[in-house]
Amino acid sequence: MTIQNLTDAIAEALFQEFGSDFEIYTEKVEQGLTEPCFLIRCLNPTKNRHLGLRYIRTNQFSIQYIPSTEEAIVECTSVMERLFECLDSLNLSDKPIHGTNLNGDITDGILTFTVNYDGFVMKTEEQTHMEDLEIDF
């Protein structure tokens, strides 16, 4: 479960729900934003030791929606309802990962939707083996 894998899965879920009429940006856009669009970014990911070589990864994502109509509040509210459904669970490497803390906020005509995708990861350590040791008596 990498941040890029999660970003790609979110973008795929958005594309499946909203189709090609909505631009999806995963990188910073300086100019030329095409509306309506989604902006995806990971906020403050964390990794904390849980037990042994197990770690808990916390990945909070922000999905901003910039509407294209004058009725921004109505459009954002409609999109927010659809985001609650399509981002509830993602397919990540053919395994579902469930979102938690789904939250939507409309400010100044822009929807900011946040969701966490958390999970355990195992740290693998390279095994080193000693060579055979011969002892002469």
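Bear in mind that the values here come from a model prediction, so they are computed numbers and not experimental data.

1. Some points on the side chain of asparagine 116
Position of asparagine 116 among the secondary structure elements: in strand β7 (residues 110-116). Judged by its relative accessible area of 8%, asparagine 116 is buried. Residue contacts for asparagine 116: discarding those within four places in its chain leaves Thr58, Asn59, Gln60, His98, Gly99, Thr100 and Asn101.

2. Some points on unusual backbone geometry
Residue glutamate 35 is joined to proline 36 through a cis peptide bond whose omega torsion reads 0°. In this structure, proline 36 sits in the loop between β1 (23-25) and β2 (37-51). Its identity as a non-glycine residue notwithstanding, asparagine 44 has a phi of 45°, on the positive side. Here asparagine 44 is to be found in strand β2. In this structure asparagine 44 comes out as exposed when scored by relative accessible area, which is 67%. One non-glycine residue, aspartate 108, lies in the positive phi region at around 55°. Looking at the element boundaries, aspartate 108 is found in the loop between β6 (100-107) and β7. A residue is classified by how much of its surface remains accessible, and aspartate 108, at 77% relative accessible area, is exposed.

3. Focus on the packing of helix α1 (residues 3-18) against helix α2 (residues 72-86)
Packing of α1 against α2 brings their axes to within 10 Å, and their N-to-C directions diverge by 125°. Put simply, α1 runs oblique to α2. The way α1 lies across α2 gives a crossing that is right-handed. Between α1 and α2, the contacting residues are Ala13, Leu14, Glu17 and Phe18 on the first element and Val79, Arg82, Leu83 and Cys86 on the second.

Rules of the game
Residues numbered from 1 in each chain as written. Predicted model: local features only at pLDDT ≥ 70, side-chain atom pairs only at ≥ 80, totals over all residues. Heavy atoms only, no water. Helix = DSSP H or I, 4+ residues; strand = E, 2+ residues; numbered from the N terminus. Buried < 20%, exposed > 50% of the residue type's maximum accessible area, 1.4 Å probe, protein only. Contact = heavy atoms within 4.5 Å. Axes fitted to C-alpha atoms, helices over the stretch in contact; angles between N-to-C directions. Parallel < 35°, antiparallel > 145°, perpendicular 65-115°, else oblique. Left-handed = near helix turned anticlockwise from the far one by under 90°.

Any link to function would need more than the numbers given here.
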